[in-house]
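# Summary of structural features
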Amino acid sequence: MVTVKPIDDNNLLSNCATEKLGCSRFCPQGIKIPLYCSGTQYLTANSLSGGLPDMSEEQSLLDSLLLAQWEERMWKGHFNYDVTASEIKVIRGRQKFLAQLSGHWSMDSLQDNEKHKLCAQKHLLVFDRTKHCEELLFCITNRDKAESELVPSASVPNGALLIIANVNPIEYGHVFVVPHGVNSLYQVMDARFLEMVARVALEINNCSFHMFYDSLGHTASHLYFQACYFPELLAVEHMPVDTLFKNGHGGICISTVLDYPIKTIVFESNCNLKILVEVLAEICALLVDKGILYNLMISDRGKKIFLFLQVQTLSTSLGLTAWECAGYFLFRSSQEFDVVTEAVLLKRLSTVSLDDEGFMEVKQLCRSIATEFAT
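Residues numbered from 1 in each chain as written. Predicted model: local features only at pLDDT ≥ 70, side-chain atom pairs only at ≥ 80, totals over all residues. Heavy atoms only, no water.

Bringing the sheet that holds strand β20 (residues 328–331) into the picture now. Adjacent strands of a sheet form backbone hydrogen bonds with each other and so pair up, either parallel or antiparallel. Spatial strand order, β5-β6-β20: three strands in an open sheet with mixed pairing. In the strand order of this sheet, the two ends are held by β5 (87–90) and β20, each with one partner. The average angle at which neighbouring strand axes cross in this sheet is 20 degrees, direction not considered. In this structure, strand β6 (residues 98–101) lies alongside β20, joined through four bridges in parallel fashion. Its bridge partner being in β20, L101 is matched across the sheet by F331. (Pairing = 2+ DSSP bridges. Helix = DSSP H or I, 4+ residues; strand = E, 2+ residues; numbered from the N terminus. Axes fitted to C-alpha atoms, helices over the stretch in contact; angles between N-to-C directions.)

Further remarks concern the pattern of salt bridges. A side chain of one charge can pair with a side chain of the opposite charge if their charged atoms are brought near each other. Following the criterion strictly, the structure yields six salt bridges and no others. R73 is paired through a salt bridge with E72; the nearest N and O atoms lie 2.8 Å apart. E72 gets classed as partly exposed once you look at its relative accessible area, which sits at 33%. In this structure, the salt-bridge partner of E361 is K290, at a minimum N-O distance of 3.0 Å. (Salt bridge = Lys/Arg side-chain N within 4 Å of Asp/Glu carboxyl O. Buried < 20%, exposed > 50% of the residue type's maximum accessible area, 1.4 Å probe, protein only.)

Another point: the confidence of the model for the chain. Scored by pLDDT, the chain has a mean of 80; 74% of the residues are at 70 or more. Counting interchain partners and residues more than four positions distant, the pLDDT-below-50 stretch residues 1–26 has 70 contacts. Here residues 44–53 is modelled with pLDDT under 50, and outside its nearest four sequence neighbours on either side it reaches 21 contacts, counting other chains as well. (pLDDT = per-residue confidence, 0-100. Contact = heavy atoms within 4.5 Å.)

Throughout the structure, instances matching the rule amount to 14 aromatic pairs. Ring plane angle 80 degrees and centroid distance 5.7 Å describe the contact between F176 and Y224, whose orientation is recorded as edge-to-face. With F176 in strand β12 (residues 172–179) and Y224 in the loop between β13 (209–214) and β14 (225–229), this residue pair connects regions lying 48 residues apart in the sequence. In this structure F176 comes out as buried when scored by relative accessible area, which is 1%. Here the aromatic cluster, defined as three or more aromatic residues joined through ring pairs, consists of F193, Y213, F225 and Y294. The ring of F337 carries K89 above its face, with NZ or CZ at 4.5 Å from the centroid. (Phe/Tyr/Trp six-rings, centres within 6.5 Å; stacked < 30°, edge-to-face > 60°. Lys NZ or Arg CZ within 6 Å of the ring centre and 35° of its normal.)

With five of its five residues buried, strand β11 (residues 161–165) lies for the most part within the structure. Because side chains alternate across β11, one face comprises the buried residues L161, I163 and A165, and the other comprises L162 and I164, equally buried. Where strand β9 (residues 136–142) lies against β11, four bridges are found, and the strand directions are antiparallel. Bridged to I140 within β11 is L161. Looking at chain direction, β11 and β12 are connected through five bridges and run antiparallel. Residue pairing across strands places I164 opposite F176, the latter belonging to β12. Counted between consecutive antiparallel strands, the loop separating β11 from β12 contains six residues.

Okay, structure coming up:
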């Protein structure tokens, strides 16, 4: 159950401290925005009931909040273009790849603009404190209380997740999910941050909602996810899997995705989110140590996390994005969009994929870490 409650935020929230994100300073001091306080009922249900909580088909409050805030910015003209006008098609073939024609979008869509800045050379999402931050939609924090609460207007607490509209969206509801304060100091994927993000997907409770993370290896200086809504399953979600590890007591299942051009592992849990994210965070840290690029995608209402494994090449120095790894491709040119084939996209994915030897090593690593946490 989620309640909407006008709470005196001076008693609820700690004062935020100015944080340095690399190329500017941002502290939302004095800004009042909606605050969603995530309760512990989902974690309690995970650990005690033997399965994920029974989520009704009714739209969740968090889902309603995100879409309402995002759509408000869309109608006010804060975005650089109307993503709903973009043409989308299914590429003919067995993989069911999706292609979007968007002449306005580019790989540089996260560059500086009038509202907020991204230092491209350091891949840091940074706000310009001199602006009004209209794209800051709301924030999410965890509470010790069982039930979730929505505070309509509150200060931003330290350790919260900032939900920020992407003014260059690739799909409906496209946002950044950025840790604020103490969480933003982490340079690798830690279990606490990953759990907070996974709980967002769980409480959104919408099968169309997907969350993405792109690892930049040792060059990563700041963590953030992106998220948006897709009307259909992405290509990788259609593929068969082969079980690599399964622990009934811990509720963790790790599988490899079969017949897919980029090496992919999917992590699932039906009853223990905490153990799942601890296992995955440990694996991600070791991948960074080994110099293996990876991407994450959280889907199926937070119950599945896909791990895409890449190698760095001369032609793709930063690798593919997580949504490209999942089978969703954007084209600026109508000529390229019209003629693209499944074969071209298969080659694009397979070119950056980790090789068989490296994949075998990663699979052994996953099995070893999962066994350690499950015992």
